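Residues per chain, in single letters:
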Amino acid sequence: MTTKLETKALSAWFGRKQVLKGISIAFEEREVTALVGPSGCGKSTFIRCLNRMHELNPGGRVDGKVLLDGADIYGMDPMEVRRKIGMVFQKPNPFPNMSISDNVVAGIKLSGEKKKADLEGIAERALKSVGLYEEVKDDLRRSGASLSGGQQQRLCIARALAMEPEVILMDEPTSALDPASTSKIEELIRKLKSEITVIIITHNVSQAARISDKTAFLYLGELIEYGNTKEFFESPKSPITERYITGRFG
């Protein structure tokens, strides 16, 4: 396996409060890694450090390294980093004043691609990749906000994929969805790993067991355990991990 993204002694602060404490972890290319842990343990802060979004917070500060294909992202242009490392958030956030099609290519337009035919082709491919095209193809000009919650989340994933990222980060992408929509997103995540690296935060340990190749457990800003998902759940090395995955805290 080839390491795609790696952190070395990554720490992060909000002002004077330290929320991540020296996390070192390597994410393999074309694998799904689930990040689990109780609320407030630093999961969201961690993935926001992976594409330089944490520094957008007032008082946000990072120490250590984040390496993409061996190059430190904190030495790159932040916009280029966010193109290569996309993000999907917990709550679907389509742009309400844009059509379905325009939502998908919003990032492409910002980067300078203007040819209408090219944009239409990109939108169609991205919508097909998330299994949404057949559901919306007859009315691509209606507002993205008019879609159901599950469709909106797939639209947001299509928007991220349209930028052709090398890594996609997902912050609890199914927590606001019904079981049927959740199943579609999980199926999509399993499909995506044939092309890109996926890192997903989930509070649902059963979901982590279903969809991930590796699982990492964060607690109080520290990486407690990381490894093959099957071994992680069947033979946890840390007693804290065992207590968490058996529901005794968190």
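As shown above, the structure is provided for reference.
Here's a quick rundown of the structure. Along every chain, residues carry numbers that run from 1 in the direction the sequence is written. Owing to the predicted nature of the model, reporting of local features is limited to residues with pLDDT of at least 70; listing and counting of side-chain atom pairs is limited to 80 or more, with chain, interface and lining totals taken over all residues. Here the side-chain values reflect all heavy atoms present in the structure, with hydrogen atoms and water set aside.

By definition, two strands form a pair when at least two bridges between them are found by DSSP. To qualify as a helix, a DSSP run of H or I must reach at least 4 residues; to qualify as a strand, a run of E must reach at least 2; elements of each kind are numbered from the N terminus. The mixed open sheet is built from six strands, whose spatial order is E6-E7-E8-E3-E9-E10. Only two strands of the sheet have a single partner each, and these edge strands are strand E6 (85-88) and strand E10 (222-228). Strand-to-strand, the axes of this sheet are offset by a mean angle of 15°, without reference to chain direction. Note that E6 and strand E7 (residues 167-171) share four bridges and pair parallel. Bridge pairing in E7 links isoleucine 85 to valine 167. Contacting strand E3 (32-36), E7 and strand E8 (197-201), helix H8 (residues 179-192) runs over the sheet at an angle of about 145° to E8. Orientation is described by axes fitted as lines to C-alpha atoms, over the contacting stretch for helices, and by angles from 0 to 180 degrees between their N-to-C directions. Throughout, a residue-residue contact means that at least one pair of heavy atoms, one from each residue, lies within 4.5 Å.

What follows deals with helix H7 (residues 149-161). Multiplying one less than the number of residues by 1.5 Å gives the expected span of a helix. Taking 1.5 Å per residue as the helical rise, H7 with its 13 residues ought to reach 18 Å, and the 18 Å between its terminal C-alpha atoms agrees with that figure. Throughout this description, buried means an accessible area under 20% of the type-specific maximum (1.4 Å probe, protein chains only), exposed means over 50%, and partly exposed covers the range between. Of all 13 residues in H7, 12 are buried, a share of seventy percent or more. Within H7, burial applies to Gly150, Gln151, Gln152, Gln153, Arg154, Leu155, Cys156, Ile157, Ala158, Arg159, Ala160 and Leu161.

Let us now look at unusual backbone geometry. Of note in this structure, alanine 9 is not a glycine but carries a positive phi near 50°. Here alanine 9 shows up in strand E1 (residues 3-14). Alanine 9 sits in the partly exposed class, given a relative accessible area of 42%. For aspartate 69, which is not glycine, the phi dihedral falls at a positive 50°. Mapped onto the fold, aspartate 69 is located in the loop between strand E4 (60-68) and strand E5 (71-72). Judged by relative accessible area, which is 48%, aspartate 69 ranks as partly exposed.

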